[in-house]
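Listed below are the residues making up each chain.
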Amino acid sequence: MNWLNSEAFTLFGQHIIWSDTIGNILGLITLALGWRRSLLTWPVQFLSGLILFIAFYGHLAGSAGKQVVVMVVALYGWWRWNHDKGRSADGQIVPRFATWRERAAMAGAAALGTVAVALLFKAYPSLSWDPWPDAYIFVGTVVAMYAQARGMVEFWFAWLLVDVVGVPLNFANGYAFSGFVYVIYGALVLWGMRDWWLRSRKDARPVLEGAPA
């Protein structure tokens, strides 16, 4: 699998490797599928994490470890959406707004998680080159995926908060390609947020067996 860390092309003066290219493309597909509330969201997310895990394993232990967490959350999302499937007339999950208790719990978990992960990264510098932003993006991603698995509209807000740091961080570090992809993420997030928001306001009563959809 060494080819995953080989150069795919050069863009904006950057040497873009295959794992970065594939990971970013799958990330965009995952967001698009999430927007459509497709169950395929989670297998694609899992595949993205698996490819990046293979690419990082052996030389970037911290990055590889983060992908393991992403894959675990993707499996949870797959189970959760299967469990919730069929609540709406179209057979997909019904987006909803989180309760204030859920929002407080996620905000607290994000804050404490970011501090804990950043301190871990600082204690073991080999795990991350930029501990605090890296921890913020990683924990924010996990929180966003969890909220998505629960069908919460707030997961789009969580992704937006990740982008707020991810976009300037990538451009500042010279990763213009990844920064540009994060800008596209941001556009998809805004469109997806609007769609889920509107759907959460509609009557989402389940279709009774034998009744017309």
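Reference entry: report on the structure contained in this document. Only a predicted model underlies this, so the values are computations on that prediction, with no experimental measurement involved.

### Some points on helix H1 (residues 18–35)
Alright, step 1. Here H1 is 18 residues long and its end C-alpha atoms lie 26 Å apart, about the 26 Å a rise of 1.5 Å per residue gives.
Alright, step 2. Along H1, the residues that are buried comprise Ser19, Thr21, Gly23, Asn24, Leu26, Gly27, Thr30, Leu31, Leu33 and Gly34.
Alright, step 3. Looking one or two residues beyond H1, the residue adopting positive phi is arginine 37, at roughly 60°.

### Describing unusual backbone geometry
Alright, step 1. Of note, arginine 37 is a non-glycine position whose phi angle comes to about 60°, a positive value.
Alright, step 2. Relative to the elements of secondary structure, arginine 37 occurs in the loop between H1 and helix H2 (41–56).
Alright, step 3. Residue arginine 37 is classed as buried on the basis of its relative accessible area of 4%.

### Some words on the packing of helix H4 (residues 100–123) against helix H5 (residues 131–149)
Alright, step 1. The geometry of H4 relative to H5 is characterised by a closest axis approach of 8 Å and an angle of 145° between their N-to-C directions. In this structure, H4 meets H5 at a crossing whose hand is right-handed. Together, Met106, Ala109, Ala110, Gly113, Thr114, Val115, Val117, Ala118, Phe121 and Lys122 of H4 and Pro131, Trp132, Asp134, Ala135, Tyr136, Phe138, Val139, Val143, Tyr146 and Ala147 of H5 make up the contact between the two elements.
Alright, step 2. In the contact of H4 with H5, the residues fall into 16 nonpolar, two polar and two charged.

### What about the nonpolar core?
Alright, step 1. Counting residues in each nonpolar core, the largest one holds 37 residues, and the members touching the most others are Leu31, Met145, Trp156, Trp159 and Trp196.
Alright, step 2. Of all the secondary-structure elements, those providing two or more residues to this core are helix H3 (61–84), H4, H5, helix H6 (154–172) and helix H7 (176–201).
Alright, step 3. In terms of residue count, the dominant contributor to this core is H5 (nine residues).
Alright, step 4. For tryptophan 159, the residues in contact, after removing those within four places along its chain, are Leu31, Thr141, Ala144, Met145, Gln148 and Val189.

### Quick look at the side chain of glutamine 45
Alright, step 1. Structurally, glutamine 45 is set in helix H2.
Alright, step 2. Relative accessible area serves as the criterion here: at 12%, glutamine 45 is assigned to the buried category.
Alright, step 3. The residues contacting glutamine 45, other than those within four sequence positions of it, are Thr30, Val70, Ala74 and Met145.

### A look at the pattern of salt bridges
Alright, step 1. What the rule picks out here adds up to two salt bridges.
Alright, step 2. For the salt bridge of glutamate 102 with arginine 96, the shortest nitrogen-to-oxygen distance reads 3.0 Å.
Alright, step 3. Note that arginine 103 is salt-bridged to glutamate 154, the shortest N-O span being 2.8 Å. Of the two residues, arginine 103 sits in helix H4 while glutamate 154 sits in helix H6, which places them 51 residues apart along the sequence.
Alright, step 4. Take arginine 103: its relative accessible area is 25%, and that puts it in the partly exposed class.
Alright, step 5. On the basis of relative accessible area, glutamate 154 is assigned to the buried category, the value being 12%.

The rules behind the values
Residues numbered from 1 in each chain as written. Predicted model: local features only at pLDDT ≥ 70, side-chain atom pairs only at ≥ 80, totals over all residues. Heavy atoms only, no water. Helix = DSSP H or I, 4+ residues; strand = E, 2+ residues; numbered from the N terminus. Expected span 1.5 Å × (residues − 1). Buried < 20%, exposed > 50% of the residue type's maximum accessible area, 1.4 Å probe, protein only. Axes fitted to C-alpha atoms, helices over the stretch in contact; angles between N-to-C directions. Left-handed = near helix turned anticlockwise from the far one by under 90°. Contact = heavy atoms within 4.5 Å. Nonpolar A, V, L, I, M, F, W, Y, C, P; charged D, E, K, R; others polar. Core = buried A, V, L, I, M, F, W, Y, C linked by side-chain atoms within 4.5 Å. Salt bridge = Lys/Arg side-chain N within 4 Å of Asp/Glu carboxyl O.

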